[in-house]
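# A look at the structure
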Amino acid sequence: MNEKDYKCDVIVYDKDMCQEFVIWKSGFHWKKWTQKTVLFNIFGFGMKLHELNINILYCVLAAIVMCLAVRLHFRVIQEQLLVITSLGVQVTTYFALGRQCQQFYDLSSIQDVVINEAITMVNTLFNNPFKV
């Protein structure tokens, strides 16, 4: 996860009443998946798996397609945080396959906002949970 993979935009509808924070993540890396698939196929042909049993290749292909489907199902491409000071906060999450998830937190149920970050050697993980 690089900093350049993310784009952030702030939309101000009313300075004191309503703001929207939108975070986009770069799209799915088709080039990377294609390279991995080609390398895997070269390895399979080098080991002559196609001569052993064609069902092995079908199973491997099915496993690759399943991994891709699961990866795309859970891949978050955009998150929106709509803050309305008099009502509450709406969090909308968009996934790569078009699925979306919306949660609304009423202002009376929000006690505090916690900014949580974890920095490791390879990436930075963050989330903004609400104390309800």
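The paragraphs below set out a description of the structure included in this document.

Quick notes on the rules
- Residues numbered from 1 in each chain as written.
- Predicted model: local features only at pLDDT ≥ 70, side-chain atom pairs only at ≥ 80, totals over all residues.
- Heavy atoms only, no water.
- Helix = DSSP H or I, 4+ residues; strand = E, 2+ residues; numbered from the N terminus.
- Buried < 20%, exposed > 50% of the residue type's maximum accessible area, 1.4 Å probe, protein only.
- Areas by Shrake-Rupley, 256 points an atom, 1.4 Å probe, with all protein chains shown as cover.
- Patch = residues over 30% accessible without salt bridge, like charges linked within 9 Å, V, L, I, M, F, W, Y side chains within 5 Å.
- Salt bridge = Lys/Arg side-chain N within 4 Å of Asp/Glu carboxyl O.
- Phe/Tyr/Trp six-rings, centres within 6.5 Å; stacked < 30°, edge-to-face > 60°.
- Lys NZ or Arg CZ within 6 Å of the ring centre and 35° of its normal.
- Expected span 1.5 Å × (residues − 1).
- Contact = heavy atoms within 4.5 Å.
- Pairing = 2+ DSSP bridges.

## Structural notes on the overall build of the protein chain
Along the backbone of the protein chain there are 3 helices and 9 strands. Mapped from its N terminus to its C terminus, the protein chain presents α and β elements in the order β-β-α-α-α-β-β-β-β-β-β-β. A buried classification covers 14% of the 132 residues belonging to the protein chain. Accessible surface, the protein chain: about 10200 Å² in total, of which carbon and sulfur atoms supply 63%.

## Considerations on a nonpolar patch on the surface
There is a patch of nonpolar side chains on the surface, built from Val38, Leu39 and Ile42 and spanning about 300 Å² of accessible area. With respect to the element layout, valine 38 can be found in helix 1 (residues 30-46).

## Quick look at the packing of aromatic side chains
Tallying each qualifying case throughout the model produces 0 aromatic pairs. It is arginine 99 that lies over the ring of phenylalanine 95; its NZ or CZ is 3.8 Å from the centre.

## Observations regarding helix 1
Across its 17 residues, helix 1 extends 24 Å between first and last C-alpha, which sits within 8% of the 24 Å expected from 1.5 Å per residue. In the stretch just after helix 1, lysine 48 is the one whose phi turns positive, near 55°.

## Some thoughts on the side chain of glutamine 78
Tracing the sequence through the fold places glutamine 78 in strand 3 (residues 76-84). With sequence-adjacent residues up to four places away left out, glutamine 78 is seen in contact with Val22, Ile23, Trp24, Thr92, Thr93 and Tyr94.

## Looking at the pairing of strand 2 (residues 18-25)
As paired elements, strand 1 (residues 6-14) and strand 2 share 8 bridges and run antiparallel to each other. When the sheet's bridge partners are listed, aspartate 14 is paired in strand 2 with cysteine 18. Hairpin connection between strand 1 and strand 2: a loop of 3 residues separates the two successive antiparallel strands. In terms of strand pairing, strand 2 meets strand 3 through 7 bridges, oriented antiparallel. Opposite tryptophan 24, over in strand 3, you have glutamine 78 as the bridge partner.

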